[in-house]
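What the coordinates show
These are the residues of each chain, in order.
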Amino acid sequence: MTKKTIFDTQVLGHPAGLFVLFFTEMWERFSFYGMRVLLINFLTMTLIGYNPGWAWSTENAGALFGTYVMLLYLTPILGGIIADKITGYRWAVIIGAVIITLGHVSMAFETEVSLYLGLALLVIGTGFFKPNMVSFVSEMYKDLPEKKDAAYTIFYMGVNSGAFFGMMLCGYLAERIGWSWGFGLAGVFMLLGTIQFWFAKPLFGSIGCEPRKQEKTETINDAKQEEEKLNPFTTLDKILVALSAIIGIGYALNDPLSKIWNIDLFGWAATLGLKGQYVMVIVGLIAFFYLIGSRIMRYTTIVRDRMLTVVIFAFFVVFFWLSFEQGASSLVIFARDNIERELHGNWAVLYNIFNALLTVIPLLLITYVLFLLIKKTYKKIFPAVVVLLVCFSLVWGIASWMLQRDFKTTAYSVSYQAYEQTDTQGRTTYIPITEENRVARPDLKIVERTTIIGVADYHLKVGQEIKLLSKNNKNTSFGYVDAEKEQWAKQRGAELNTDNGLIVAQVKEERDNWVETTVSWFSILNSFFIIALASLFSRWWDSKYNPPAAKKYGIGLLMLSVGFGLLALGSHGVTHGVKVSMLWLVFAYMFNTMGELCLSPVGLSYVSKLVPARMIAFMFGVWYLAVAIGHKLAAVVGGQIENITREYSLSTFFLIFTIVPAVAGVLIILINPFVKKLMHGVK
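Attention in this report is confined to the structure presented alongside it.

What follows concerns a nonpolar patch on the surface. Taken together, V188, Y378, F382, V386, V390 and L394 make up a surface patch of nonpolar side chains, about 480 Å² in accessible area. Considering every element that reaches the nonpolar patch, the biggest residue donor is helix α14 (residues 382-408), with 4 residues. Classification of Y378 as partly exposed rests on a relative accessible area of 39%.

Two strands pair when backbone bridges link them, and strand β5 (residues 410-422) and strand β10 (residues 503-511) are joined in this way by 6 bridges, in the antiparallel orientation. Its bridge partner being in β10, S415 is matched across the sheet by Q506. Looking at chain direction, strand β8 (residues 465-470) and β10 are connected through 4 bridges and run antiparallel. Each bridged residue has a counterpart across the sheet, and for L468 the counterpart in β10 is I503.

The next subject is the side chain of E342. Note that E342 resides in strand β4 (residues 342-344). No salt bridge is formed by the buried E342; its nearest oppositely charged neighbour, K579, is found at 5.5 Å.

On inspection of all chains with the given rule, the structure shows 15 salt bridges. Measuring nitrogen to oxygen at the nearest pair gives 2.6 Å for the salt bridge that ties R36 to E325. A residue pair is termed long-range when its members are at least 10 positions apart, and R36 in helix α1 (residues 16-44) and E325 in the loop between α11 (301-324) and α12 (330-337) qualify at 289 residues. Put simply, K471 and E516 hold a salt bridge, and the shortest N to O gap is 2.6 Å. Taken together, the residues span a long stretch of sequence, with K471 in the loop between β8 and β9 (478-481) and E516 in strand β11 (residues 514-516) at a distance of 45 residues. Each of the two residues, K471 as well as E516, counts as buried.

Think of a ball as big as a water molecule: rolled over the atoms, this probe shows where empty space is left. If you walk through the whole model with that rule in mind, you get 3 cavities of 30 Å³ or more. In this model, the largest cavity occupies a volume close to 170 Å³. The wall of the largest cavity is formed by 17 residues, among which M45, Y50, N51, E175 and K471 lie closest to the centre. For the lining of the largest cavity, the per-class residue count stands at 5 nonpolar, 7 polar and 5 charged. Approximately 50 Å³ is the volume attributed to the second largest cavity. Around the second largest cavity, the lining residues are M168, Y172, Y351, N355, M402, D406, E516, T517, T518 and W521. Broken down by class, the residue content of the lining of the second largest cavity amounts to 5 nonpolar, 3 polar and 2 charged.

Conventions and cut-offs
- Residues numbered from 1 in each chain as written.
- Predicted model: local features only at pLDDT ≥ 70, side-chain atom pairs only at ≥ 80, totals over all residues.
- Heavy atoms only, no water.
- Patch = residues over 30% accessible without salt bridge, like charges linked within 9 Å, V, L, I, M, F, W, Y side chains within 5 Å.
- Areas by Shrake-Rupley, 256 points an atom, 1.4 Å probe, with all protein chains shown as cover.
- Salt bridge = Lys/Arg side-chain N within 4 Å of Asp/Glu carboxyl O.
- Helix = DSSP H or I, 4+ residues; strand = E, 2+ residues; numbered from the N terminus.
- Buried < 20%, exposed > 50% of the residue type's maximum accessible area, 1.4 Å probe, protein only.
- Pairing = 2+ DSSP bridges.
- Lys, Arg positive; Asp, Glu negative; His and termini not counted.
- 1 Å grid on protein atoms, 1.4 Å probe; cavity = no way out; pocket = protein on both sides within 12 Å on 5 of 7 lines; lining within 4 Å.
- Points joined across faces, edges and corners; volume = space filled by probe spheres on them.
- Nonpolar A, V, L, I, M, F, W, Y, C, P; charged D, E, K, R; others polar.

Function cannot be inferred from these measures alone, as they are strictly geometric.
Next up, the structure:
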């Protein structure tokens, strides 16, 4: 009798279990990116407005967000060890998914305690979930390595699909209805994804049930044995690892603590004009670089050179993520406050058609994959099939509501009064006159301003007096306020003892064909361009023109530089209240994504190729540390967008991310011959 295997039930030539993992990862990425695209926007939004937030400074929001993403790349190291030693992949995924779900639920309450608790749970849950999903795929294909590349391609399509729909739908609900709806929707899909993974157990056999046992490998020859000889960690090594880890985690926690709550854990270390946390970071980096250098020097020449190559790649990856991850911080602020997101006439029609195709076509393709999975497995995993059907029914329902709402929104041109103010640099700003500041600034000129607002469910009349609230912190976009929201604004103003922000306006005319894109819509462009361009870059890497690793890095960094160069050019000379075309941001995301596609083939694959078995875990840790540092720096520097714009200009801010990756890209291309020599034939 033939033994049954996980390949007995196949979908598109792969085991059906792979597609269960595809959908599990898709819903996890849906929840992660759905929350991620909202956080900075929510934290920095005005306390009283059309969709109020917490009115944090971008600097404080960046500090908290940076610590969150930094820890997200460090906890998977611990989560992978726990799965290997104790729980096994399957239970690690379940534990992680449940904790992530609780994190999203906590964030939906929008209180300070629930937000911090939610972020902590997301960090812990991701530590369990993230490394073990990839391990699941690897274990599934351990006897069929020739199909592993195709399997990972399918799996990562799930990653990008989840990111795409999470940012689109969570972002739309959060911005159109309220933040808790966006945070809550992320939790709903994480929960449903967990349930369908649990019910799909029969498709996985024994994979991931028990902790992985270390397999013994035979040495091939004496030379290889010499290269990979046991090199145990000394007592000094362990002390340096502990010191670096404590300082690193301490800095990650201290940065938001010191900026937001004035609790400085490293205040005692301040010296020479440097904050204590930066002094300790320098100490930690010295300890860590000494640790890496001393361990690398203990190996033979070839192994030492190859490991040095990984360190070089890790160094440059910091500069890539420093710029690329502005998409989660400063580019969100830029899209909200400085991009012309209101489209009129034919442009509105074209956008609605494009957005409908952008939404429906990918959803149809993924639904087709679901149909194939159901067709093959409904008898084996019927409860999981039911859960997946519920998930897709929800997605189709929300997407249909979103598209219908945008197609049917009615727009009105309205006028309101504002104070005109000119600063010392000659920049003119307009302060809307609210119900409570009509006579607050008699020294300033009063001018008539006009704007266009969209109303989905109300019909206004020309000449009607209405109330508005600002949609951003710059008073450049406004939303219509109904009686319920007007009452809320008055109560909120009284509670905070501040201006309620209500602006009296008059309807001038009704406008046809108007639509306003959400802030989060721009973030989906990264996933869209990855899906659209991945095959093109794949063919490039398979051709005779495939560049070496260092040049791929350089090309990626230079493409990233071009993307931010476009933003620097597009925002040049922009003054308060003037917005730039969304096409600048669209093309910037395109070049940024092309930069990512250049680096993606390099990354982790070279760690496994260049590093001896004994040091793989340690060097993976070095790599993820570099990624974590890049993400943290991105959020910290991105949080300076308001300060740099105020002191210099918005264009100057984007020039930082134009020059830094350009210099890094040129440098790594120039040292390519040196790097190639260090790799000793590894391609």
